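# Fold and geometry: a report
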Amino acid sequence: MMQCYSAGQRTQVTTHYALAGVKTWLNAHRQGDQHSQQQHQELLQQTLHKIPPSERKKLWTVLHNDLSNPIIKRRICAEVEQTGKMSTINDQVAQWDWQNAMDGYLHCGGSITL
């Protein structure tokens with residue numbers, strides 16, 4: 001995510017943010033304890049604190065705008081879904097968990113098709 005941010009690759013920053021969020025959300029809910037849920041939030045904060053405060057605000061604006069735009073969000077959800085399918089290809093339960101994490105974190109709303 002940070003490499004894409006430094007290179008000015010806005011849409012990739014949002015995709016990486018979404019993917020990292022889904023992964024940590026999934027881990028937090030699989031573990032089911034307070035520590036895992038805190039880790040989900042702390043990992044994001046640690047990453048964002050690598051960015052100067054003025055740039056951090058710009059990044060939040062980009063993330064908010066991208067994830068609020070239905071067309072961009074649909075593309076991001078499709079990319080995150082595809083990543084999940086590739087990493088869970090032989091495991092139906094893992095695929096179901098990944099879909100739930102997408103819905104819980106990104107609110108993608110089920111299987112995505114472009």
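See above for the structure.
Here's a quick rundown of the structure. Computed from a prediction, not measured in an experiment: that's the story for all the values here. (Residues numbered from 1 in each chain as written. Predicted model: local features only at pLDDT ≥ 70, side-chain atom pairs only at ≥ 80, totals over all residues. Heavy atoms only, no water.)

### Let's talk about the state of the cysteines
Structurally, a disulfide amounts to a covalent bond that connects the sulfur atoms of two cysteines. Taken as a whole, this structure holds 1 disulfide when the rule is applied. Across the disulfide from Cys-77 sits Cys-108; the S-S distance is 1.9 Å. Negative torsions about the S-S bond denote left-handed disulfides, and the value of about -80° found for Cys-77 with Cys-108 makes this one left-handed. In this pair, Cys-77 sits in helix H5 (residues 70-87) while Cys-108 sits in the segment after helix H6 (92-106), placing the two residues 31 residues apart along the sequence. Take Cys-77 and Cys-108: they sit in the same class, and that class is buried. Here Cys-4 is not disulfide-linked; the sulfur of Cys-77 is the nearest cysteine sulfur, at 18 Å. According to the relative accessible area criterion, Cys-4 is buried, its value standing at 11%. (Disulfide = S-S within 2.5 Å. Helix = DSSP H or I, 4+ residues; strand = E, 2+ residues; numbered from the N terminus. Buried < 20%, exposed > 50% of the residue type's maximum accessible area, 1.4 Å probe, protein only.)

### What to know about the packing of helix H2 (residues 10-31) against H6
Remark: H2 packs on H6, axes separated minimally by 9 Å, with the N-to-C direction vectors making an angle of 115°. As summarised for this structure, H2 and H6 are arranged roughly perpendicular, according to the angle between their axes. Like other packed secondary-structure pairs, H2 and H6 cross with a definite hand, here right-handed. Across from Tyr-17, Ala-18, Leu-19, Gly-21, Val-22, Lys-23, Trp-25, Leu-26 and Arg-30 in H2, the residues of H6 making contact are Ala-94, Asp-97, Trp-98, Asn-100, Ala-101, Met-102, Gly-104, Tyr-105 and Leu-106. Along the lines of polarity and charge, the residues of the contact of H2 with H6 split into 12 nonpolar, 3 polar and 3 charged. (Axes fitted to C-alpha atoms, helices over the stretch in contact; angles between N-to-C directions. Parallel < 35°, antiparallel > 145°, perpendicular 65-115°, else oblique. Left-handed = near helix turned anticlockwise from the far one by under 90°. Contact = heavy atoms within 4.5 Å. Nonpolar A, V, L, I, M, F, W, Y, C, P; charged D, E, K, R; others polar.)

### Comments concerning the environment of Gln-95
Considering the arrangement of structural elements, one finds Gln-95 in helix H6. Taking C-alpha positions, Gln-95 is 29 Å from Gln-9, a pair spaced 86 residues apart along the chain. Setting aside residues no more than four positions away along its own chain, Gln-95 makes contact with Thr-88 and Ile-89.

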